[in-house]
Amino acid sequence: MSDCLFCKIAAGEIPSAKVYEDEVCYAFQDIAPQAPTHFLVIPREHIASVSGVNAGNSAAVAHIFEVIAKVTAEKGIESYRVVSNIGEQAGQSVPHLHFHVLAGRDMTWPPG
Ligand code: AMP
């Protein structure tokens, strides 16, 4: 989508600190980290949020979870949190599907 921040980051049109990439997804450091490890994993295809996942694009989401497992294992991260905010009330600020991967500090439950 031409006007989407994360589409532009995935395309390399806006700079980011790459963590991982392949033909399906792109992972990069969050610009405002909320934990010692905080990166985002996004599909290259524009999907607005989890609400936009369907039978036609869910393979990308499954792939992203494989990537999260692989990248965290490679970094030696054994305990981490994966978060995806959907909609304004939940705190979604960028309308392109993304999974936050957070680690490196104690975390509370329930989240605030
Ligand atoms: P959310 O609020 O769940 O939609 O998450 C969006 C995340 O994107 C936030 O944690 C932001 O800090 C992060 N973010 C926004 N712009 C950038 C950027 N240019 N590079 C990296 N992370 C960003």
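Residues numbered from 1 in each chain as written. Predicted model: local features only at pLDDT ≥ 70, side-chain atom pairs only at ≥ 80, totals over all residues. Heavy atoms only, no water.

## Structural notes on a nonpolar patch on the surface
Inference 1: Judged by side-chain polarity, Phe65, Tyr80 and Val82 come together as a nonpolar surface patch covering roughly 230 Å² of accessible area.
Inference 2: Among the structural elements, Val82 can be located in strand S4 (residues 81–83). (Patch = residues over 30% accessible without salt bridge, like charges linked within 9 Å, V, L, I, M, F, W, Y side chains within 5 Å. Areas by Shrake-Rupley, 256 points an atom, 1.4 Å probe, with all protein chains shown as cover. Salt bridge = Lys/Arg side-chain N within 4 Å of Asp/Glu carboxyl O. Helix = DSSP H or I, 4+ residues; strand = E, 2+ residues; numbered from the N terminus.)

## Overview of the nonpolar core
Inference 1: Formed by 14 residues in total, the largest nonpolar core has its most connected members in Tyr20, Cys25, Phe39, Val41, Ile64, Ile68 and Phe99.
Inference 2: Those elements that place two or more of their residues in this core are strand S2 (25–29), strand S3 (37–43), helix H2 (58–74) and strand S5 (99–103).
Inference 3: Per-element accounting of this core gives the leading share, 5 residues, to H2.
Inference 4: The contacts of Cys25, once residues within four sequence positions are left out, are Tyr20, Val41, Ile42, Pro43, Arg44, His63, Ile64 and Val67.
Inference 5: Within the second largest apolar cluster, 10 residues are counted, among which are Cys7, Tyr26, Ile42 and Val94. (Core = buried A, V, L, I, M, F, W, Y, C linked by side-chain atoms within 4.5 Å. Buried < 20%, exposed > 50% of the residue type's maximum accessible area, 1.4 Å probe, protein only. Contact = heavy atoms within 4.5 Å.)

## A short note on the site of the ligand
Inference 1: Close contacts around the ligand come from 16 residues, with Asp30, Asn85, Ser93, His98 and His100 the closest.
Inference 2: Contact between the ligand and Gly91: an oxygen atom at 2.9 Å from a main-chain N or O atom of the residue.
Inference 3: The protein chains hide 83% of the 500 Å² of surface that the ligand would expose on its own.
Inference 4: Mapped onto the shell around the ligand, the elements with two or more residues apiece are helix H1 (5–10) and S2.
Inference 5: Ranked by the residues each element gives to the shell around the ligand, the list is headed by H1, at 3 residues.
Inference 6: Of the residues assigned to the shell around the ligand, the class counts are 8 nonpolar, 7 polar and 1 charged. (Near = heavy atom within 4 Å. Polar contact = N/O pair within 3.5 Å; in protein donor to acceptor, adjacent residues only side chain to side chain. Nonpolar A, V, L, I, M, F, W, Y, C, P; charged D, E, K, R; others polar.)

## Remarks on the sheet that holds S2
Inference 1: If you walk across this open sheet you meet the 5 strands as S1-S2-S3-S5-S4, and the pairing is antiparallel. With one partner strand each, in any of the chains shown, strand S1 (18–21) and S4 form the two edges of the open sheet. Each strand axis lies, on average, 20° off the axis of its neighbour in the sheet, ignoring direction.
Inference 2: Pairing analysis gives 3 bridges linking S4 to S5, with the strands arranged antiparallel. What sits directly across from Val83, in S5, is His100. (Pairing = 2+ DSSP bridges. Axes fitted to C-alpha atoms, helices over the stretch in contact; angles between N-to-C directions.)

## Some words on H2
Inference 1: For H2, which comprises 17 residues, the first-to-last C-alpha distance of 25 Å matches the rise-based estimate of 24 Å (1.5 Å per residue) to within 8%.
Inference 2: Taken together, the buried residues of H2 touch S1, S2, S3, S4 and S5. (Expected span 1.5 Å × (residues − 1).)

## Quick look at unusual backbone geometry
Inference 1: Following Trp109, the chain continues to Pro110 via a peptide bond in cis, the omega torsion being 5°.
Inference 2: By secondary structure assignment, the location of Pro110 is in the segment after S5.

## Notes on the pattern of salt bridges
Inference 1: Scanning the entire structure with this criterion turns up 3 salt bridges.
Inference 2: Across the pair Glu21 and Lys18 runs a salt bridge whose closest N-O atoms are separated by 3.0 Å.
Inference 3: Taking the shortest distance from any N to any O, the salt bridge between Lys70 and Glu74 comes out at 3.2 Å. Of this pair, Lys70 and Glu74 both sit in helix H2, 4 residues apart, roughly one helical turn.

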